[in-house]
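Notes for the structure review
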Amino acid sequence: MVAGPALARGKGLQAQEGSLALWTEALSVGVPEIDAQHRELFSRVERLLEASLRDDRSRVAPLLEFLRDYVAVHFEAEERLMLEQRYPGYRLHKAEHDRFARDLRAMEAELAATGPTGDLAGRVDRGIAEWLRDHVYLTDTALGRFVRSLEEAR
Ligand SMILES: [Fe+2]
Ligand SMILES: [Fe+2]
């Protein structure tokens, strides 16, 4: 399972504490296309969390499937931007994407094979929602700062 950096916890995301997976301005990257995709991702992850908390198995599978496809589109958009802008952190950033996509596929395959197990909600929260918060808050905002600094220098 994903062991994303827990650094973001308690560092400015306190407003989110107690909520599910909510997008806030603190998570803004400053690139409109990317921010729009993040909002969509957070809203889908929130629905997935709700469904898994209620153990609503008929909703979990299609939500995971949507997420897998949408995440692929989103990661591709960020990776294209990084290549276009010759972002020095490309390799590390892409490695985080690849690992998450792999974990998501593994979770989906496991669910298809055995059905949701007892701690599904906990795994969705830690493996998906927390990863997304940490990745956006730390890794994507760093990319956003880089892109904006290039724009300002023009
Ligand atoms: Fe992102
Ligand atoms: Fe990213």
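The structure displayed is predicted, hence computed values, not measured ones.

**Re the overall build of the protein chain**
Counting its regular elements, the protein chain contains 4 helices and 0 strands. Ordering the α and β elements of the protein chain from the N terminus gives α-α-α-α. Sequence-distant contacts in the protein chain: of pairs separated by 6 or more residues, those separated by 24 or more amount to 76%.

**Considerations on the confidence of the model for the protein chain**
Of all residues in the protein chain, 84% attain a pLDDT of 70 or more, and the chain-wide mean is 85. Residue range residues 1–17 is modelled with pLDDT below 50. Its contacts to residues more than four positions away, or to other chains, number 29 contacts.

**Observations concerning the nonpolar core**
Within the largest apolar cluster, 20 residues are counted, with the highest numbers of intra-cluster contacts made by Ala-21, Val-45, Leu-48, Leu-49, Ile-128, Ala-129 and Leu-132. Among the secondary structure elements, those contributing two or more residues to this core are helix H1 (32–53), helix H2 (57–84) and helix H4 (120–153). Setting aside residues no more than four positions away along its own chain, Leu-132 makes contact with Ala-21, Leu-41, Phe-42 and Val-45.

**Here we look at unusual backbone geometry**
For residues that are not glycine, phi is negative in most cases, and the peptide bond is trans in most cases. The backbone of Asp-55 shows a phi angle near 60°, a positive value even though the residue is not glycine. Inspection of the secondary structure assignment puts Asp-55 in the loop between H1 and H2. One non-glycine residue with positive phi stands out, namely Arg-86, at about 50°. With respect to the helices and strands, Arg-86 occurs in the loop between H2 and helix H3 (90–114).

**Quick look at the packing of H1 against H2**
Look at H1 against H2: their axes get within 10 Å of each other, and the N-to-C directions meet at 160°. The angle between the axes of H1 and H2 places the two elements in the roughly antiparallel class. By crossing handedness, the relation of H1 to H2 is classed as left-handed. Note on element contacts: H2 touches H1 through Arg-59, Val-60, Leu-63, Leu-64, Phe-66, Leu-67, Tyr-70, His-74, Ala-77 and Glu-78, opposite Glu-33, Ile-34, Gln-37, Glu-40, Leu-41, Arg-44, Val-45, Arg-47, Leu-48, Ala-51 and Ser-52.

**Digging into the packing of H2 against H3**
Contact geometry of H2 with H3 gives a least axis separation of 10 Å together with a crossing angle of 165°. Judged by the angle between their axes, H2 and H3 are roughly antiparallel. Here the hand of the crossing between H2 and H3 comes out left-handed. The residues of H3 that touch H2, namely those facing Val-60, Ala-61, Leu-64, Glu-65, Leu-67, Arg-68, Val-71, Ala-72, Phe-75, Glu-79, Met-82 and Leu-83, are Tyr-90, His-93, Lys-94, His-97, Ala-101, Leu-104, Arg-105, Met-107, Glu-108 and Leu-111.

**Let's talk about H3**
The end-to-end C-alpha distance of H3 is 36 Å, a good match for the 36 Å that 25 residues give at a rise of 1.5 Å each. Of all the residues in H3, the buried ones are His-93, Glu-96 and Met-107. Contacts made by the buried residues of H3 are with H2 and H4.

What counts, and where the lines are drawn
Residues numbered from 1 in each chain as written. Chains lettered and ligands numbered in written order. Predicted model: local features only at pLDDT ≥ 70, side-chain atom pairs only at ≥ 80, totals over all residues. Helix = DSSP H or I, 4+ residues; strand = E, 2+ residues; numbered from the N terminus. Contact = placed C-beta atoms within 7 Å. pLDDT = per-residue confidence, 0-100. Core = buried A, V, L, I, M, F, W, Y, C linked by C-beta atoms within 7 Å. Buried ≥ 20, exposed ≤ 12 C-beta atoms within 10 Å, placed from the backbone. Axes fitted to C-alpha atoms, helices over the stretch in contact; angles between N-to-C directions. Parallel < 35°, antiparallel > 145°, perpendicular 65-115°, else oblique. Left-handed = near helix turned anticlockwise from the far one by under 90°. Expected span 1.5 Å × (residues − 1).

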